[in-house]
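Each chain, written out:
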Amino acid sequence: MSIEAGMKYQIGQKVKTNFNSSDSLTIVNNNGITVQFTLDDGKGRGSMPLEHLSYLLKRDNLTKITNKRALLNNDNNEEKIS
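Owing to the predicted nature of the structure, the values given are computational and were not obtained by experimental measurement.

## Quick notes on the sheet that holds strand 4 (residues 45-49)
In space, the five strands of this open sheet follow the order 4-3-2-1-5, with antiparallel pairing throughout. The open sheet has two free edges, formed respectively by strand 4 and strand 5 (62-65), since each of these has just one partner strand. Each strand of the sheet is rotated relative to its neighbour by a mean of 35°, with strand direction disregarded. In terms of strand pairing, strand 2 (residues 24-30) meets strand 3 (residues 34-39) through five bridges, oriented antiparallel. Residue pairing across strands places T26 opposite T38, the latter belonging to strand 3. The strands that helix 1 (residues 50-58) touches are strand 1 (8-11), strand 2, strand 3, strand 4 and strand 5; relative to strand 4, the one it contacts most, it runs at about 90°.

Rendered as structure tokens:
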């Protein structure tokens, strides 16, 4: 799974305290080694190694929030194909 700028992740209850009790984070930059992110509601920003982000995703401590617009576009494309 590729991690790109603009991707948003929901933060699980177990690790919220590590992220200033924020509900979600948004990736700002990925340089292949580290990712930079901002926390929702202006609760801060930070960075972490890409490997650690992958670890948090595997443990379900972070869950990708799907962009509703992308879902709508995907549904429209499927209808056109049929």
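Having seen it, we continue.
## What about the nonpolar core?
Judged by nonpolar contacts, the single largest core of 16 residues is most densely connected at Y9, F19, L25, I27, L53 and L62. Going through the elements one at a time, strand 1, strand 2, strand 3 and helix 1 are the ones with two or more residues in this core. Look past the residues within four positions of L53 in its chain and what remains in contact with it is I3, I27, V35, M48 and L62.

Each value, and the rule that gives it
Residues numbered from 1 in each chain as written. Predicted model: local features only at pLDDT ≥ 70, side-chain atom pairs only at ≥ 80, totals over all residues. Heavy atoms only, no water. Pairing = 2+ DSSP bridges. Helix = DSSP H or I, 4+ residues; strand = E, 2+ residues; numbered from the N terminus. Axes fitted to C-alpha atoms, helices over the stretch in contact; angles between N-to-C directions. Contact = heavy atoms within 4.5 Å. Core = buried A, V, L, I, M, F, W, Y, C linked by side-chain atoms within 4.5 Å. Buried < 20%, exposed > 50% of the residue type's maximum accessible area, 1.4 Å probe, protein only.

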